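Structure assessment
Each chain, letter by letter, is given below.
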Amino acid sequence: MEAMSYVLYLALLVLLVVVLQRMFGRKDGAGNETEPDAGSSCGTCVSGRGKCLQECALQNAVGEIEYFDDEELDKFRGRRSDGYTDEEAAQFAEVMYTMKQEEVKDWLKSLNLRCINLPDQLKDEAIMLVEG
């Protein structure tokens, strides 16, 4: 009888391991995950494992600050993205809509390096411009 309880405990343990592995384990093969091409930029790759996202975060956290004739936005350093008035958001919009579409991604990186949060009012438009 005692041996039977050990077998039951072992079976439950194996079942628990399999369930946890399926819940938290890596997906291999037929999933919708795509690996970034060696030559692709972080702006174009998609990875379910977050590898590219981590690389992009590191790239965006360091580097030289490039200004886009927007030095006046430095006064918003440290402001929360939901704390802008519509007039203040309009200052960001004026800069964003006067630049080329391909410059928007670099401008957002510049804002990030300067600890300036983009106003919530403009995030949807900025994403559309970056994604083209």
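Above: the structure in question.
Residues numbered from 1 in each chain as written. Predicted model: local features only at pLDDT ≥ 70, side-chain atom pairs only at ≥ 80, totals over all residues. Heavy atoms only, no water.

Moving on, we get to the pattern of salt bridges. Counted by the stated rule, this structure contains 6 salt bridges. Between arginine 114 and aspartate 70 there is a salt bridge, and its shortest N-O distance comes to 3.1 Å. Of this pair, arginine 114 sits in the loop between helix H4 (104–113) and helix H5 (120–131) while aspartate 70 sits in the loop between helix H2 (51–61) and helix H3 (86–97); the two residues are 44 residues apart in sequence, bridging distant segments of the chain. Under the relative-accessibility criterion, arginine 114 is labelled buried at 1%. Salt-bridge contacts for glutamate 88 lead to arginine 79; the nearest nitrogen and oxygen are separated by 2.7 Å. For arginine 79, a relative accessible area of 27% gives the class partly exposed. A single network of salt bridges, built from pairs that share partners, joins Asp70, Asp74, Arg77 and Arg114. (Salt bridge = Lys/Arg side-chain N within 4 Å of Asp/Glu carboxyl O. Helix = DSSP H or I, 4+ residues; strand = E, 2+ residues; numbered from the N terminus. Buried < 20%, exposed > 50% of the residue type's maximum accessible area, 1.4 Å probe, protein only.)

Our focus in this paragraph is the packing of aromatic side chains. Each pair of aromatic rings is reported with the distance of its centres and the angle of its planes. In total, this model carries 3 aromatic pairs according to the counting rule given. Both rings, one in phenylalanine 76 and one in tyrosine 84, keep their centres 5.4 Å apart while their planes meet at 70 degrees; by these two values the pair is edge-to-face. Neither phenylalanine 76 nor tyrosine 84 differs from the other in exposure class; each is buried. Taking the centre distance of 5.3 Å and the plane angle of 40 degrees together, the rings of phenylalanine 76 and phenylalanine 92 count as tilted. Pair noted here: phenylalanine 76 is in the loop between H2 and H3 and phenylalanine 92 is in helix H3, with a separation of 16 residues, a long-range link. Judged by its relative accessible area of 0%, phenylalanine 92 is buried. Taken together, the ring pairs in this structure connect Phe76, Tyr84 and Phe92 into an aromatic cluster. (Phe/Tyr/Trp six-rings, centres within 6.5 Å; stacked < 30°, edge-to-face > 60°.)

As a further point, take the side chain of aspartate 70. By relative accessible area, aspartate 70 is classed as buried at 0%. Within the structure, aspartate 70 has its side chain in polar contact with the backbone nitrogen of phenylalanine 68 (distance 3.1 Å). Of note is the side chain of aspartate 70, whose polar atom sits 2.7 Å from the side chain of tryptophan 107. With sequence-adjacent residues up to four places away left out, aspartate 70 is seen in contact with Val95, Trp107, Leu111 and Arg114. (Polar contact = N/O pair within 3.5 Å; in protein donor to acceptor, adjacent residues only side chain to side chain. Contact = heavy atoms within 4.5 Å.)

Judged by side-chain charge, Asp69, Glu71, Glu72 and Glu94 come together as a negatively charged surface patch. Within the fold, aspartate 69 resides in the loop between H2 and H3. For aspartate 69, a relative accessible area of 69% puts it in the exposed group. (Patch = residues over 30% accessible without salt bridge, like charges linked within 9 Å, V, L, I, M, F, W, Y side chains within 5 Å. Areas by Shrake-Rupley, 256 points an atom, 1.4 Å probe, with all protein chains shown as cover. Lys, Arg positive; Asp, Glu negative; His and termini not counted. Charge placed at Lys NZ, Arg CZ, Asp CG, Glu CD.)

With that settled, the discussion passes to the nonpolar core. In a soluble, globular protein the nonpolar side chains are often hidden away together inside. Leu73, Phe92, Trp107, Leu111, Ile116 and Leu118 are the most contacted members of the largest nonpolar core, which has 16 residues in total. Going through the elements one at a time, H3, H4 and H5 are the ones with two or more residues in this core. Among the elements that make up this core, the one with the highest residue count is H3 (4 residues). Look past the residues within four positions of phenylalanine 92 in its chain and what remains in contact with it is Leu73, Phe76, Tyr84, Trp107, Leu111, Ile116, Asn117, Leu118, Pro119 and Leu122. (Core = buried A, V, L, I, M, F, W, Y, C linked by side-chain atoms within 4.5 Å.)

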